[in-house]
Amino acid sequence: MTLKRVLPFAKDLLKEVVQEGDTAIDATAGNGHDTFFLVQLVGETGHVFAFDVQEDALTKTAERLGNNRDRATLIHDGHEHVLKYVSREISAAIFNLGYLPGSDHSVVTKGETTITAIQGILDRLKIGGLIVLVVYHGHEGGKEERDDIMDYVSTLPQSQVDVMKYEFLNQKNSPPFIIAIEKKKEM
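Calculation notes
- Residues numbered from 1 in each chain as written.
- Predicted model: local features only at pLDDT ≥ 70, side-chain atom pairs only at ≥ 80, totals over all residues.
- Heavy atoms only, no water.
- Core = buried A, V, L, I, M, F, W, Y, C linked by side-chain atoms within 4.5 Å.
- Buried < 20%, exposed > 50% of the residue type's maximum accessible area, 1.4 Å probe, protein only.
- Helix = DSSP H or I, 4+ residues; strand = E, 2+ residues; numbered from the N terminus.
- Contact = heavy atoms within 4.5 Å.
- Pairing = 2+ DSSP bridges.
- Axes fitted to C-alpha atoms, helices over the stretch in contact; angles between N-to-C directions.
- Salt bridge = Lys/Arg side-chain N within 4 Å of Asp/Glu carboxyl O.
- Lys, Arg positive; Asp, Glu negative; His and termini not counted.
- Expected span 1.5 Å × (residues − 1).
- Parallel < 35°, antiparallel > 145°, perpendicular 65-115°, else oblique.
- Left-handed = near helix turned anticlockwise from the far one by under 90°.
- Nonpolar A, V, L, I, M, F, W, Y, C, P; charged D, E, K, R; others polar.

Within an unreviewed UniProt entry, the label attached to the protein chain reads Class I SAM-dependent methyltransferase, and the organism entered is Chungangia koreensis.

Chemist: Got a sec to walk through the nonpolar core? Specific residues and values, please.
Modeler: If you look at the biggest cluster of nonpolar residues, it comprises 29 residues, and the most contacted ones within it are Leu13, Leu14, Val18, Leu38, Val48, Val132 and Ile178. Secondary-structure elements contributing two or more residues to this core are helix H1 (6-17), helix H2 (33-42), strand S2 (47-52), helix H3 (55-65), strand S3 (72-76), strand S4 (90-97), strand S5 (125-135) and strand S7 (177-183). Here this core gets six residues from one element, more than from any other, and that element is H1. Apart from residues no more than four positions distant in its own chain, Val18 is found in contact with Leu38, Leu41, Val42, Ser91 and Ala92. Phe51, Ile115, Ile118 and Ile181 belong to the second largest nonpolar core, which has 28 residues in total.

Chemist: I'd like a description of the sheet that holds S3, backed by residues and values.
Modeler: Reading across from one edge, S3-S2-S1-S4-S5-S7-S6 is the order of the seven strands in this open sheet, with mixed pairing throughout. Looking at which strands have only one partner, the edges of the open sheet turn out to be S3 and strand S6 (161-166). With strand direction ignored, the average angle separating the axes of adjacent strands in the sheet is 15°. Of the strand pairs in this sheet, S2 and S3 are connected by five bridges, and their pairing is parallel.

Chemist: Describe the pattern of salt bridges, naming the residues involved and giving the relevant values.
Modeler: If you walk through the whole model with that rule in mind, you get nine salt bridges. Where Lys165 meets Glu167, a salt bridge forms, and the shortest distance between an N and an O atom there is 3.2 Å. Judged by relative accessible area, Glu167 falls into the partly exposed class, the value being 31%. A network of salt bridges, in which partner residues are shared, links Lys4, Asp12 and Lys15.

Chemist: Describe the side chain of Asp34, with residues and values.
Modeler: Inspection of the secondary structure puts Asp34 in helix H2. The buried charged residue Asp34 lacks any salt bridge, with Lys11 as its nearest oppositely charged partner at 5.1 Å. Among all residues touching Asp34, those that are not within four sequence positions of it are Lys11, Asp26, Ile94 and Asn96.

Chemist: Lay out helix H6 (residues 142-154) with the relevant residues and their values.
Modeler: For H6, which comprises 13 residues, the first-to-last C-alpha distance of 18 Å matches the rise-based estimate of 18 Å (1.5 Å per residue) to within 8%. Buried residues belonging to H6 abut S4, helix H5 (111-124), S6 and S7.

Chemist: Provide a residue-level description of the packing of H2 against H3, including the pertinent values.
Modeler: Orientation of H2 relative to H3, taken along the N-to-C sense of each, is 40°, at an axis distance of 9 Å. If you check the angle between H2 and H3, you find them oblique. Taken as a pair, H2 and H3 cross one another with a handedness that is right-handed. Each of His33, Thr35, Phe36 and Val39 in H2 lies in contact with H3, whose residues at this interface are Thr61, Arg64 and Leu65. Partitioned by chemical class, the residues of the contact of H2 with H3 number three nonpolar, three polar and one charged.

So, in structure tokens, the structure goes:
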């Protein structure tokens, strides 16, 4: 067995729950890698909603999608407003927290808005659905967001969701880790 790095492991988790025809969320579109991946999973009959506060990120995402652009809705807004845009059942969502690589590092995700987004997605998440958070916390404000999110997910009721943390412990310089939230029953 070989231990998977954080991003391949996140994709493996999503592959387990997202099927043709599903609706999925990329809560932090960034450069479009996860949006493109989710579009492939939901297939021709599914749909992906991708959020980002930076117009440049949505432009890059649209370019990456190419001919698959019609299978995604790109939303220039914060992920905390997910319920404003998504009314259907969601099978999975992914977050890459922190900042957009190659852009302004002062534009970062925040614990408060991320928690609001998680709450909204949990409301729409199907039973057996999954939220995957890739937590990058080595930047200014990252530790506060990490701690806020860890405090929040630690209080989620075990009877309704399972929460897992996947992390390499012997890496230096604040390596990213995964929090996965699986919905077991309505909240």
